Amino acid sequence: SDPSRSGSDGRLQVTASFYPLQWATQQIGGDHVDVASLTPPGAEPHDLELTPRQVAGLGGAALVVYASGFQPAVDDAVRAAAPTTGFDVAPAADLTIAATGEEATPGTPADNAVMDPHFWLDPVRFEAVALAIRDRLVAADPTNAAAYAAGADRLVAELTSLDREFAAGLADCTQTYLVTSHTAFAYLAQRYGLQQEGI
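Report on the accompanying structure. Keep in mind the model is a prediction, meaning the values are calculated, not measured.

Let us look at the nonpolar core. The tendency in soluble globular proteins is for nonpolar side chains to be buried side by side. V89, F119, I133 and L137 are the most contacted members of the largest nonpolar core, which totals 29 residues. Secondary structure elements with two or more residues in this core: β1 (12–16), α1 (19–29), β2 (33–37), β3 (63–66), α5 (123–140) and α6 (145–170). The element best represented in this core is α5, accounting for six residues. Core analysis: the next-biggest nonpolar cluster, separate from the first, contains 12 residues, L48, L50, L58 and V74 among them.

Written as structure tokens, this is what we have:
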């Protein structure tokens, strides 16, 4: 890895755009990474706006983990400040459901529809993203490849266990409607036979 992109303690400097990606990267990287989030705790990630200092700071990270289409300000910042170190996890998440509610773009043709970005609420999709993050960490820091592989294995095992718990716990629901004020549960609903209804 580029020594200039490691902290004074030798850890790989990683920036994640919002908490689920920060958490997954930290679980995989362990003590070998220092992961910061662009979205402050408690903030609404969809509405994130970045300061010029934050945008400039992306250039100092060895890796910027984000999901394109989820936070437009981050998409723009990665293009401007981290075009080679930005890592878009959306392809690994295999986004297949069109966005609804406040995230949909009215009048958009079907072939240009905005895809629902909330993949992390489906443990199986999140597993695929975890493996993609592992591979990108290994590429950035091959010296610690074994540690990243082990961290990813642990995380995938947790997500597999969660998937089984969801499947077993939701198998005999008498009601399958999931009513929510924010339509973020489409992938979870699809995975476990539920029907999401947004308010």
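Turning our attention to the packing of aromatic side chains. This structure, assessed with the given rule, holds seven aromatic pairs. Centroid distance F18 to W120: 4.9 Å. Interplanar angle 55 degrees. Geometry classified as tilted. With F18 in the loop between β1 and α1 and W120 in the loop between α4 (90–93) and α5, this residue pair connects regions lying 102 residues apart in the sequence. Assigned by exposure class, F18 and W120 land together as buried.

Calculation criteria
- Residues numbered from 1 in each chain as written.
- Predicted model: local features only at pLDDT ≥ 70, side-chain atom pairs only at ≥ 80, totals over all residues.
- Heavy atoms only, no water.
- Core = buried A, V, L, I, M, F, W, Y, C linked by side-chain atoms within 4.5 Å.
- Buried < 20%, exposed > 50% of the residue type's maximum accessible area, 1.4 Å probe, protein only.
- Helix = DSSP H or I, 4+ residues; strand = E, 2+ residues; numbered from the N terminus.
- Phe/Tyr/Trp six-rings, centres within 6.5 Å; stacked < 30°, edge-to-face > 60°.

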